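# Coordinate analysis (summary)
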Amino acid sequence: MPSLLFCGPKMAACGMVISIWGVIMLAMLGIFFSANSAVLIEDVPFTEDDIRADTQPPQRIYALYRQVGINCFIAAAVYVAVGAISLCQVRLNKRQEYMVT
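Residue indices follow the written sequence of each chain, beginning from 1 at its first position. The model is predicted, so local features are restricted to residues of pLDDT at least 70 and side-chain atom pairs to those at 80 or more, both for listing and for counting; the totals for chains, interfaces and linings are taken over all residues. For the side-chain quantities, the full set of heavy atoms in the structure was used; hydrogens and water were omitted.

### Comments concerning the packing of helix 1 (residues 9–34) against helix 3 (residues 58–98)
- Between helix 1 and helix 3, the shortest axis-to-axis distance is 7 Å and the interhelical angle comes to 160°. In this view, helix 1 runs roughly antiparallel relative to helix 3, as classed from their interaxial angle. Considering only the axes of helix 1 and helix 3, their crossing is left-handed.
- Class assignment for the residues of the contact of helix 1 with helix 3 results in 22 nonpolar, 10 polar and no charged. The axes are straight lines fitted to the C-alpha atoms, using for helices just the contacting stretch, and the angles between their N-to-C directions are given from 0 to 180°. Where helices and strands are cited, they refer to DSSP runs of H or I of at least four residues and of E of at least two residues respectively, numbered from the N terminus. Note on angle classes: values under 35 degrees are labelled roughly parallel, values over 145 roughly antiparallel, values of 65 to 115 roughly perpendicular, and the remainder oblique. We call a crossing left-handed when the near helix sits turned anticlockwise from the far one by less than a right angle, and right-handed when that turn is clockwise. For this scheme, ten residues count as nonpolar: Ala, Val, Leu, Ile, Met, Phe, Trp, Tyr, Cys and Pro. Four count as charged, namely Asp, Glu, Lys and Arg, and the remainder, Gly too, count as polar.

### Quick word on the UniProt feature "transmembrane region" (unreviewed entry) in the protein
- UniProt positions are given in the numbering used here, feature names are shortened, and annotations may be inferred rather than shown by experiment. In the UniProt entry, the feature "transmembrane region" (unreviewed entry) is given for residues 12–35 and 68–88.
- Taken end to end, residues 12–35 is 96% helix and 0% strand, and its two terminal C-alpha atoms sit 34 Å from one another.
- A distance of 31 Å separates the end C-alpha atoms of residues 68–88, which is 100% helix and 0% strand.

### A few points about the state of the cysteines
- By convention in this document, the label disulfide applies to cysteine sulfur atom pairs within 2.5 Å. Counting across every chain of the model gives zero disulfides.
- Left without a disulfide partner, C88 is nearest to the cysteine sulfur of C7, which lies 10 Å away.
- Accessibility here uses a 1.4 Å probe with only protein chains present; expressed as a share of the type maximum, an area under 20% marks a residue as buried, one over 50% as exposed, and anything in between as partly exposed. Classification of C88 by relative accessible area gives partly exposed; the value is 46%.

If you want it as structure tokens, here you go:
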């Protein structure tokens, strides 16, 4: 029977810790970008043309804020998936610990 175990217990635990931190950090960034936080303006990818060509001045910048916020939420979802895989690996390692071979 093939085993789905592909990493050790320490690597799986490290993956869980990093994914929990990534989910928290990226979810908070996504919330702040969605709220158009002025502190994060340096991280919004806009050009001078975005400012000049806008007929309603803040609308293009707000659209860019929303897009960056969505990207942060997508990255947080990827971290959730990595955390789920790491949790499965931790459980498989614990189960293998009790198996007699």
